[in-house]
Amino acid sequence: MKKFIIPISIGLVLLSSCSRNTVRNTQADDFIDRCSVVKTGEKIFPVDDNTSTNFDYLQYIHNDTLPMLSLLNTYSNSIYLYDAEKYIILDTITFDKEGAHGVGKIQGYYYHNDDSIFTYAYGYGRVFLANRKGKVVQKYNLFDPDELMNDTTQFRALPYFYSWTPMLYKDDRLILTGGFFTETSLEKSDNTFVTNIYDVVKGKGVYTNSYPEQYQKYEWDGGFFYRQPSISLYSDSSFLLGFSADHRLRHYDWKTGEQTYFYAGSKDIKDIEPLRTNKVFVAEHPNDEIRDWYYSQPSYEGVFADPYKHLVYRIARLPNPTQKKGTFNAKPVIIIVLDEQLNYIGEELLPEGLSYDTFNSYVSPEGLHIHIRNPKDEDHLTFYTYNMKR
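Residues numbered from 1 in each chain as written. Predicted model: local features only at pLDDT ≥ 70, side-chain atom pairs only at ≥ 80, totals over all residues. Heavy atoms only, no water.

**A closer look at the pairing of strand E21 (residues 259-263)**
Burial runs high along E21: four of the five residues are buried. With five bridges connecting them, strand E20 (residues 248-253) and E21 associate as antiparallel partners. Across the sheet, residue His251 finds its bridge partner in E21, namely Thr260. Hairpin connection, E20 to E21: the antiparallel pair is bridged by five residues, and Gly257 has positive phi, about 75°. (Buried < 20%, exposed > 50% of the residue type's maximum accessible area, 1.4 Å probe, protein only. Helix = DSSP H or I, 4+ residues; strand = E, 2+ residues; numbered from the N terminus. Pairing = 2+ DSSP bridges.)

If you want it as structure tokens, here you go:
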């Protein structure tokens, strides 16, 4: 995507409301919705008996000759490669967990090409570079896990990957993102970081990007729901970072170190209330308390840059206080659309009645693809394709 972007005034963007102790969207009514987002197709991929339709990590691999969709099977420690247009399995790459070519239990990866597949196992502190035969050709030592966990002067998040928080690779740099899942009053803007930009040539990483102000002020459960950021590559030297309780997106250029904020909120989200309005250490929150709070609040849950149509999509979800315990997330889904200068274009509330697995979405030249869960069909992965219409 083009690097030319016009930042909006930071003073006009979200600030936490001191009177109401919420994260208020002060610009919810400032923009005109100038587009619609419509379903334009479906993609259905078969899965074998060893693959679950409930998964956490995929990657679209763009190739003019043979575009592929890859999927992580954590049970077999394998990456499945599909023909993204014909929906057939092309190959299965299985990795050893131990031994000379062991990579541990893969939690995330980046498929660069057949000879360069970066894999990561949570907590190992290393990234392994392997080929399509599953053979390790190089190891990168990122950090000492014990040192990282015991450091009380800096809080650096361990990388933790999902389809919406993927491992990225560009310009000889691995971009590794994770959430810092411990709430502490010691958290400040200059000592808590969620991204590690690792130069594979120099063998050195730089920790960057702290949480927004409201994360340092309020408590957000110390876990997955609101502490895990989302990320998407934006240009040859920058990415977009989104936080579940922030109505903005952050543009970060790793060559200049410059951070710029852009409004990317929904007109239907006026306020987001934290779990607690002060930082009080709680060893473990009751699961029901966290669950009820999550479903009572709106959230932003994914950012996906579209380099083919020069757009950016952001997923937002509205409250669903009647969510039944033990059922799949049924919070209503909104797709927000920005142009390539990160200006708000519009948004669309998707029809109800479907199990939108928005965390497992990807972008191809055909549009934005969202996984649709169907518990009655364990043999296929179904994705609905969406595109913006003026």
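**Things to note about a nonpolar patch on the surface**
Together, Leu66, Ile88 and Leu90 make up an exposed nonpolar region whose accessible area comes to about 220 Å². Position of Leu90 relative to the elements: it lies in strand E7 (residues 89-94). A relative accessible area of 33% places Leu90 in the partly exposed class. (Patch = residues over 30% accessible without salt bridge, like charges linked within 9 Å, V, L, I, M, F, W, Y side chains within 5 Å. Areas by Shrake-Rupley, 256 points an atom, 1.4 Å probe, with all protein chains shown as cover. Salt bridge = Lys/Arg side-chain N within 4 Å of Asp/Glu carboxyl O.)

**Re helix H4 (residues 287-296)**
Three or four residues apart is the spacing at which side chains of an α-helix point the same way, because the helix has 3.6 residues per turn. For H4, every residue scored as buried is listed here: Ile290, Arg291, Trp293, Tyr294 and Tyr295. Those residues of H4 hidden inside the fold are in contact with helix H3 (224-227) and strand E23 (299-306). (Contact = heavy atoms within 4.5 Å.)

**Let's talk about the sheet that holds strand E26 (residues 344-349)**
With antiparallel pairing, four strands are arranged side by side in an open sheet as E23-E24-E25-E26. Of all the strands in the sheet, the pair left with one neighbour each is E23 and E26. Direction aside, neighbouring strands of the sheet carry axes that sit 20° apart on average. Two elements, strand E25 (residues 333-339) and E26, share five bridges in a ladder whose sense is antiparallel. Of the residues in E26, the one forming a bridge with Ile335 is Glu348. (Axes fitted to C-alpha atoms, helices over the stretch in contact; angles between N-to-C directions.)

**Brief notes about the pattern of salt bridges**
Under the counting rule described, the total for this entry stands at 17 salt bridges. Residue Asp171 pairs with Lys255 through a salt bridge whose shortest N-O separation is 3.8 Å. Here Asp171 is found in the loop between strand E13 (168-170) and strand E14 (173-177), whereas its partner Lys255 is found in the loop between E20 and E21, with 84 residues between them in sequence. A relative accessible area of 57% places Lys255 in the exposed class. Its salt-bridge partner being Arg227, residue Glu183 comes within 3.7 Å of it at the nearest N-O pair.

**So, the nonpolar core**
Across soluble globular proteins, you tend to see nonpolar side chains buried next to one another. If you look at the biggest cluster of nonpolar residues, it comprises 44 residues, and the most contacted ones within it are Trp220, Tyr226, Phe239, Ile272, Val312 and Leu338. Top contributing element to this core by residue count: H4, with four residues. One finds Ile61, Phe128, Ala130 and Met167 within the second-largest nonpolar core, a separate group that totals 35 residues. (Core = buried A, V, L, I, M, F, W, Y, C linked by side-chain atoms within 4.5 Å.)

**Some thoughts on the sheet that holds strand E3 (residues 36-46)**
Sheets are built from strands paired through backbone hydrogen bonds, the pairs being either parallel or antiparallel. Strand order across the open sheet formed by four strands is E3-E29-E28-E27, with antiparallel pairing between neighbours. Each edge of the sheet is formed by a strand with only one pairing partner; in this case those strands are E3 and strand E27 (355-364). If you compare each strand with its neighbour and ignore which way they point, the axes differ by 30° on average.

**Quick notes on the side chain of Lys331**
With respect to the secondary-structure elements, Lys331 resides in the loop between strand E24 (311-317) and E25. Within the buried core, Lys331 has no salt-bridge partner, and the shortest N-O distance to an opposite charge, that of Glu301, equals 4.3 Å. Within the structure, Lys331 has its side chain in polar contact with the side chain of Ser299 (distance 3.0 Å). Residues contacting Lys331, with those up to four places away along its chain left out, are Tyr226, Tyr294, Tyr295, Gln297, Pro298, Ser299, Glu301, Arg317, Leu318, Pro319, Asn320 and Gln323. (Lys, Arg positive; Asp, Glu negative; His and termini not counted. Polar contact = N/O pair within 3.5 Å; in protein donor to acceptor, adjacent residues only side chain to side chain.)

**Considerations on the confidence of the model for the chain**
When pLDDT is averaged along the chain, the result is 91; 94% of the residues meet or exceed 70. Taken as a whole, residues 2-19 scores under 50 in pLDDT and shows 49 contacts with residues more than four places along the chain or in a different chain. (pLDDT = per-residue confidence, 0-100.)

**Details of the pairing of strand E19 (residues 238-242)**
Extensive coverage of E19 is indicated by the burial of five of its five residues. Every second residue of E19 is oriented toward a common face, with Ser238, Leu240 and Gly242 on one face and Phe239 and Leu241 on the other, all of them buried. As paired elements, strand E18 (residues 230-235) and E19 share five bridges and run antiparallel to each other. Following the sheet pairing, Ser232 is matched in E19 by Leu240. The loop that links E18 with its antiparallel partner E19 comprises two residues. Inspection of the sheet shows E19 paired to E20 by five bridges, in the antiparallel sense. The residue bridging Leu240 from the neighbouring strand is His251, located in E20. Hairpin geometry of E19 and E20 is characterised by an intervening segment of five residues between the two adjacent antiparallel strands.

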